[in-house]
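Observations on the model geometry
The residues making up each chain are set out below.
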Amino acid sequence: MIETQDAKKIVEVIGNNLIGVSHDSNSFAKLPDSFWGYFARGHDKKGTFGVIVTYSEEGKDVDELISMYEKWAEKNKTKTE
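Some remarks on the overall build of the chain
Regarding its fold elements, the chain presents two helices and two strands. Secondary structure elements of the chain occur, N-terminal to C-terminal, as α-β-β-α. Relative to the globule expectation of 12 Å for 81 residues, the C-alpha radius of gyration of the chain, 15 Å, shows a markedly less compact shape. Based on the C-alpha atoms only, the size of the chain along its principal axes is roughly 45 × 30 × 15 Å. Taking all 81 residues of the chain together, the buried fraction comes to 11%.

If you want it as structure tokens, here you go:
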């Protein structure tokens, strides 16, 4: 199981990364008109983490992406005894 301090650090790193992205207008240059996403990946000594931020004018696009992730997570989640 992930330790509380590890989870806290991961969220802190993701948050700081997204703040940096939000302050740089170039991060949002040439975006598609109706759908865009941002992906960041990081790691520490214990594992790897990633974050995906998605925006769409069509809510079903975001719902479909979440559904795809949920299916992947269910198929690949760690089995505990």
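Don't stop here, the text continues.
Observations concerning the pattern of salt bridges
Taken as a whole and judged by the stated rule, the model has one salt bridge. In this structure, lysine 60 engages aspartate 61 in a salt bridge whose closest nitrogen and oxygen atoms are separated by 3.9 Å.

Thoughts on the side chain of serine 56
If you trace the backbone, serine 56 turns up in strand 2 (residues 48-56). At 3.0 Å, the side chain of serine 56 and the backbone oxygen of glutamate 58 are in polar contact. Among the polar contacts listed, one links the side chain of serine 56 to the side chain of aspartate 61, at a separation of 2.6 Å.

Comments concerning the pairing of strand 1 (residues 35-43)
Pairing analysis gives nine bridges linking strand 1 to strand 2, with the strands arranged antiparallel. When the bridges of strand 2 are listed, phenylalanine 35 appears paired with serine 56. In this structure, the hairpin formed by strand 1 and strand 2 is closed by a connection of four residues.

Considerations on helix 1 (residues 4-22)
Working note: α-helix, 3.6 residues per turn, so residues spaced by three or four point in the same direction. Helix length check: helix 1 (19 residues) gives 27 Å between terminal C-alpha atoms against 27 Å at 1.5 Å per residue, within 8%. Buried within helix 1 are the following residues: Asp6, Ile10, Ile14 and Val21. For helix 1, the angular spread of buried residues about the axis comes to 70°, placing them on one side. Of the exposed residues in helix 1, those oriented more than 90 degrees away from the buried face are Thr4, Gln5 and Val11. Tucked into the core, helix 1 has its buried residues touching strand 1 and strand 2.

Notes on the confidence of the model for the chain
Mean pLDDT over the chain: 82, with 95% of residues reaching 70 or higher. Mean pLDDT across the elements of the chain bottoms out in strand 1 (79) and peaks in helix 2 (residues 59-76) (89).

Definitions and cut-offs
Residues numbered from 1 in each chain as written. Predicted model: local features only at pLDDT ≥ 70, side-chain atom pairs only at ≥ 80, totals over all residues. Heavy atoms only, no water. Helix = DSSP H or I, 4+ residues; strand = E, 2+ residues; numbered from the N terminus. Rg over C-alpha atoms; globule rule 2.2 N^0.38 Å. Buried < 20%, exposed > 50% of the residue type's maximum accessible area, 1.4 Å probe, protein only. Salt bridge = Lys/Arg side-chain N within 4 Å of Asp/Glu carboxyl O. Polar contact = N/O pair within 3.5 Å; in protein donor to acceptor, adjacent residues only side chain to side chain. Pairing = 2+ DSSP bridges. Expected span 1.5 Å × (residues − 1). Arc of directions from axis to C-beta. Contact = heavy atoms within 4.5 Å. pLDDT = per-residue confidence, 0-100.

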